[in-house]
Every structure is written in C-alpha cells, then in structure tokens.
Amino acid sequence: MTLPDGSVRELPAGATGADLAASVGPRLAKAALAVSVDGAERDLGAPLPDGARVSVLTAASEEGRAVLRHSTAHVMAQAVTRLWPGARYAIGPAIEDGFYYDFDLPGGAHFGDDDLARIEATMREIIAEDQPFVREEHSLDEGLGLFADQPYKLEIIEGVGAAEREAAQEGAGSGGVSTYRNPNAQGAPVAAGADGGFVDLCRGPHVPSTGRLGYFKLTKLAAAYWRGDEHRPQLQRVYGTAWESQQALDEHLARVAEAERRDHRRLGAELDLFHFPPEIGSGLAVFHPKGGLVRRLMEDYSRAEHEAGGYEFVYTPHITKSTLFETSGHLGWYADGMYPPMEMEGASYYPKPMNCPMHILIYNSRQRSYRELPLRMFEFGTVYRFERSGVLNGLLRARGFTQDDSHIFCARDQLEGELASLLAFVLRLLRRFGLTDFEAELSTRPEKYIGTLEEWERATEALRLALETAGIAYTVSEGGGAFYAPKIDVHVRDAIGRKWQVSTIQVDFQMPQRFDMSYVGADNGRHRPYMVHRALFGSLERFFAILVEHYAGAFPLWLAPVQVQVLPVRDDHHGYATSVAASLAGAGLRATTVAAEEPLGARVRRAKLEKVPYVLVVGDDDVAAGTVGVNTRGSERPERGVLLAELIERLRAEVRQDEPGPGGAGKVA
RNA sequence: GCCCGAGUAGCUCAGUCGGCAGAGCGACGCACUCGUAAUGCGUAGGUCACCAGUUCGAUUCUGGUCUCGGGCUCCA
C-alpha cells in the first residue's frame, strides 16, 4: 500500500482498511471512519487490493465527515421505519454540515415538529445498540426483490443505465447493487423485506457501526419533490447536522446562532433600517432614514466611481409596452417571472424586469459612430420580478429591487479591455465594502438559448480570457448562463465565511441583433456593436442585506448612519455637547447629541446597542479643557481627556483609511 | 405554487382544558442631573392577523384567507 505521504507499507494479503489504520497507529485506528482506495471510498472492513494508494478517512476531512453524516442519515431512516412502519424512504445524502433523508409516510402522513424529538430519541437507541453496517452485493434482480415494497428504491435500481451516474451514487452500479444492513439486535419490526435488520440501498461507505455516531441533531422539516421535480410526489424531508464530537456539534450550533444573530431582517428592525409593510405587498421594502442613509452612501460611492470610469448616467421608465420585451425575447422566456401587464389604450404595459432594452433604445435613438465607442450607460434601475411567494427572503430576494445596472456598447477590439477594467472595478468596489475574499464563476451556454454556437463560443472565450488575464480564480458552471449570454458571477465570502453571489458580467451578442443595433466604422461601413451587461452590487437591496450581515449591523465608520453620539454628563454640559457635535458636523462627520434626561449609563448602553462607532461623554473636565471622553465601539475601556481637534483628525483618518488605495488590500482567491 | 411551523400591546413573549387578556422592554408624563452597557414612580397602549362556522358565549374549537419563518421548485 502507498500512503498519502508517499510512504509504502506492507500488509498481509486480505488486510483491510482497519488493519492498515491500526498498523499506522492506535490513534488513527480509533479515528478511522473509512478509507479511500485509489480515489474510491471504501469501508474500513473491505480487503485492500495489492499495491493500492490508500488514505484513511477521519473526521478531520470533509470526506470523512460526509461518511459520518451519511451513516447518521441511515440511522434516521431506520428510526423512521421503526416509528412509522411501512414508511417508504427515498434518498438520504450527506450535505454541507449535515444530512437529510426523504420519506413518504404511510397514509400520506406528515411529520410535525414534535416528531423530530421522537425520531431523535429512536436514533439514540439505535446508536446505543451499536449495530454494525454490513455491506452486501446483490444482482439487479435480487435488488428489485429486496426492495419490492420500496418504490423509490426500485426506481433507482431500474434507473441503472438510464441514469447510471446518478444511480451509482445511490448504490446501484452497472451489473448489480450494493446495500447496507444494520442487523437489529432487538428484533424490532424491520423494513424492506429483510430477515434481520434495516436494509438500505447504498453505495457506501459507512462507518463500521452505529456506535461510532452520536453527535447529531435533527434541525428542520421540509417538503421536497422526488428527484427535485415539482410534478412528482412530494416527500417529507428531515434535515439534521452531525459531527465527530460534542464540541464540533456545539461549535456548529454556535455558528448557526451567530448567523441568526446577524440576520439582516432582525437587524433591519432593531437598527431601524427598513421593513416590508404588508400593506404594500410581499417582497417590497421601504427604507427608513437610517437604512436610506447607508444606501445613499452606497449609491454616492457607486456614482462617483462610475463617473470616474467614463460612464454616462441615464434614466428610464418603470413600465413599458409589451412589444419591447417581445423584441428582447424576455416575454418569450420569462413571462412567468414578470408582473402581469396593465392594459391601457389598446396596449399591454409591463413593469420592467430588466433595464437593458431601454438602454438599447437610447443607443438606437440616433446613428452611432465608432468614435463614440465604448459607450457606457449607467442607471440605478428599479425592476420588478414576480418571484414565487415561497422564495422571498427579506432584501436578499425581493420582488422589487434596484440594480446598479450598466450596459457597455463597444467594438470588437475593445471588448477585452472593457472586460479587464470591469473586473478590476468589481474587485475595487467589493473591497471598499470590506469584502476581500472573492471567487468567480464562469457560466456557459444553457440548454435553452438563442444565437449561434459560434457567438456563444466567442463570448465565453472573451470572459475566460478576462478572468485569466486578471488572475482571478474561477470555477465553471456548465449551462449556467442566461438565455442570451454567458456570464461571470463574482462570489464573496463574508465575515463568518458564508458565500454570496453579488456581481455579474455578461457578454451579449443577441440583443444587438434583436434590436438591429449598429455603428458606422472608420471604414464607413455599418457594424454591429458588442454589448456587455453588468451589475456590481447586483441588487442594491441584496448587497445592503449582505453588508448588514457581514458587519453584523456594526457598519464601518464611513457607512455608519450615526458616526458619533455626544452625551453630556449633566444638563449644564448640554451647550458644550452641542458645540462638540457642531464641530464634528463641520468636519463632515454625522454626530448627534442625547440630552441628560436619563442616567449616563443608560444612554451609553443605548448608543452601544445602536452600534454607534464613537460615543463621546463630556462633563466638567471636558468643558474646562476643550476635551471629550471617547468610548470607541469594540474597545475595552473609554479614554478620558482627548482633545476635540485630535479626535476629529483621528475620525477623518479612519474614514479615509476605509478606502483601499490603488494597490488595495484583500486577497484574490 | 407545494410541505411544516408561527401570527396575542411598538418589540420579545406568557396565558386562556371555551367565560370581558398579562409581563418585561419600548413610548408618554413627573421626579431625579448622574463620568461610561438598564434611576424611580406613574400613564396610555390590544376587534388576541382577517373572514366565516360551531356554541348561551370564540382570542381559545373547525374551515378558509392574508402575512411571516424554514425547506422544495425557481432565480433573465
């Protein structure tokens, strides 16, 4: 055997993964969950072939944890079949941080919240029984017999060949199927026609026995369609999380709690930033003064950067006759996702789901010369999309939102340069908002598309070249593009490691054709411009939500709605406090004063809860000396006797410091 | 749209096995004038989401609707 570190180890013929782990050391033997043999995962108990490259999987790796989680899913399925005899079980994979299993309960029953505790209790019994996971190989016919009363399993087995790859993941490979049996020591009712225990169709591998599991928690119930198809039966899904130790489980639950604490909907209410009035309708937000201020700062920054980048500002209406979206093709492809039309004077007017056709009309308003290119039009364009009710998610997924939308019309030889500068622009903007960990995704031609293969190829290559020139790491999403264009999406990781898709850049050959766009070239001939769609924030509302969660509501100084709050110790310090606030305002800082109607401690607490970056306390000493007491957000103890002029200089420097220079901080993933 | 869950004061939540509804915080008023995360007292505030039904009586039970949350499907 060759180990991952390149060392070679001799073992007797027929030795198993467990033997190998034991030969390396007792700690590894204890931690071992499964093995990877020449890249394929196997049970610890499986004999190893001579000369194989073997690595032992433990919970230190995501692969090892996946084994743990998948095995826990089997235990859950067994528990459900104990509690609901006759339950049918579909699939139960490991997923990020956990697992799920889909069930079809007898008589169309549904799980309720109380059921999670019951299932969990039964799972703990199964784990206490320390049942082995026994792998068995069967022919396809045997498999069909074994799961005769499990229609979902039958479908998977029958799918061999037809959907071989998918089926292989569920334990049905070409020529036969594998199962895992948990012999049931208690002789309780068993599932799937087995004579001794719970049997599930499965590729494996699994941990040696259920006793290796135990640090798990069932987290939520959901409905899920069989095979993800909404026209097929709806199954009952149970989600859980599973870890290798109580500590790892607790840490995970703490991370989940932290994410809840940062939820932009919660902070949006607590910090008085925005809300969704039911009177207006689902998915339609209003921004309150403080949220509006943050949003305006985002917009101001964006406008200034676009102005410096040679963009021109345009404005377009919110509704348009249907003919515009017929020409663009959107009505043909996305009518379901658009708000329904209003009928007026014999025409149908739709709220716009996109801004691009309107920008094209501006381009087409007169003949264009090559001398005008590249033409870059920018607009904060508010669009409306009829998102299905179940997908709405605060500002992250709303029905009305505003794109920092721009369309660049250029000549062929300008395309690469535009894309390169766009990528630089994107990264600069993201860094400005504290997002420094990015990666890109290149999405290629989907199954349903318009245009020619050659055009798609050309556009995709232009994007790929731009990414490679910029040296940005990227993954490829085959078939992930829009119907009219391939795209680059930029993803960022926030302060607690969650990934968000923000910016998008699309190269489009189709709209210029559909709208018969042209320019007169240096050769006096007519040419078709290329078009680039791009949004950097993506949606202002969504980006705002990401910022709220990223900063946990504690905006950096330059974005904080209230930057400084001045607290007079007593009423007779009020005049001085007001003059301090006025000096700060004169220096371009946002400062408020809170009169001494409440005890100082209460006012400090309130300011802290509002996450004000600087709380200033002024009393007798300060009035006499022209100083302030400075309580900085996040610092242990306040400073006393700071000269006001010094503080102002400090704050101005901090606001400037938030702006990365041309070299910029932040790493490119 | 589908499944599960929730909707009681501005917020967070108790509560009523069917008999005119409660706390804390917040708001308002008065007093307190205080040096860094909750001063005291008082007052106001609710068609118990909405609409039907059952009942002598419904916030409570039943049905429907709306909104919200978690998933699924979807995301130009």
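What counts and what doesn't
Residues numbered from 1 in each chain as written. Chains lettered and ligands numbered in written order. Predicted model: local features only at pLDDT ≥ 70, side-chain atom pairs only at ≥ 80, totals over all residues. Heavy atoms only, no water. Helix = DSSP H or I, 4+ residues; strand = E, 2+ residues; numbered from the N terminus. Buried < 20%, exposed > 50% of the residue type's maximum accessible area, 1.4 Å probe, protein only. Contact = heavy atoms within 4.5 Å. Lys, Arg positive; Asp, Glu negative; His and termini not counted. Charge placed at Lys NZ, Arg CZ, Asp CG, Glu CD. Pairing = 2+ DSSP bridges. Axes fitted to C-alpha atoms, helices over the stretch in contact; angles between N-to-C directions. Parallel < 35°, antiparallel > 145°, perpendicular 65-115°, else oblique. Left-handed = near helix turned anticlockwise from the far one by under 90°. Nonpolar A, V, L, I, M, F, W, Y, C, P; charged D, E, K, R; others polar. Core = buried A, V, L, I, M, F, W, Y, C linked by side-chain atoms within 4.5 Å.

Engineer: How would you summarise the overall build of chain A if you had to cite specific residues and measurements?
Structural biologist: Across its full length, chain A carries 21 helices and 33 strands. Put simply, chain A has 669 residues, and 50% of those count as buried. Considering only contacts in chain A between residues 6 or more positions apart, those separated by 24 or more positions represent 69%. Computed over 72 positive and 92 negative side-chain charges, the inter-centroid distance for chain A is 4 Å.

Engineer: Tell me about the sheet that holds strand S31 (residues 627-632), residues and numbers included.
Structural biologist: One open sheet holds the 5 strands; their spatial order is S29-S28-S30-S31-S32, and the pairing between them is mixed. Here the strands that pair on one side only, and so sit at the sheet edges, are strand S29 (591-593) and strand S32 (639-643). Taken over all neighbouring pairs, the strand axes of this sheet differ in orientation by 35 degrees on average, direction set aside. Relative to S32, helix H21 (residues 644-657) is tilted by about 95 degrees, and along the sheet it contacts strand S28 (564-568), strand S30 (614-618), S31 and S32.

Engineer: Which residues make up the packing of helix H14 (residues 415-432) against helix H15 (residues 453-470), and what values do they have?
Structural biologist: How two helices pack is summed up by the angle between their axes together with the distance between the axes. Relative orientation of the contacting elements H14 and H15 amounts to 50 degrees, with a least axis distance of 9 Å. With respect to each other, H14 and H15 are oriented oblique. The hand of the H14/H15 crossing is right-handed. Where H14 approaches H15, its residues Leu415, Glu416, Leu419 and Leu423 are matched on the opposing element by Ala462, Leu463, Leu465, Ala466, Leu467 and Ala470. For the contact of H14 with H15, the residue count by class is 9 nonpolar, no polar and 1 charged.

Engineer: Provide a residue-level description of the nonpolar core, including the pertinent values.
Structural biologist: Leu419, Leu430 and Phe433 are the most contacted members of the largest nonpolar core, which has 60 residues in total. Top element by residues in this core is H14. It accounts for 9 residues. Setting aside residues no more than four positions away along its own chain, Leu419 makes contact with Ala462, Leu463, Ala466, Ile505, Val507 and Val532. In terms of nonpolar packing, the next biggest core, distinct from the first, is built from 47 residues, Leu68, Ala87, Phe147 and Leu154 among them.

Engineer: Before we move on, can you summarise the environment of Ser443 with the specific residues and values?
Structural biologist: Mapped onto the fold, Ser443 is located in strand S21 (residues 437-443). For the pair formed by Ser443 and Gly214, sequence separation is 229 residues and the distance between their alpha carbons is 40 Å. Setting aside residues no more than four positions away along its own chain, Ser443 makes contact with Ser477, Gly480, Gly481, Pro486, Lys487 and Asp489.

Engineer: Any chance you could break down the pairing of strand S6 (residues 98-104) for me, citing the residues and the numbers?
Structural biologist: Most of S6 is tucked away, with 6 of its 7 residues classed as buried. Where strand S4 (residues 88-89) meets S6, 2 bridges bridge the pair, whose relative direction is antiparallel. Within the sheet, the bridge partner assigned to Arg88 lies in S6 and is Asp104. Examined bridge by bridge, strand S5 (residues 94-95) and S6 share 2 bridges and lie antiparallel to one another. Paired with Ala94 across the two strands is Phe99, which belongs to S6. What sits between the antiparallel neighbours S5 and S6 is a turn of 2 residues, in which Asp97 has the positive phi angle 70 degrees. In the sheet, S6 pairs with strand S12 (residues 234-243) via 6 bridges, with the strands oriented antiparallel. Residue pairing for S12: Tyr101 is matched across the bridge by Val238.

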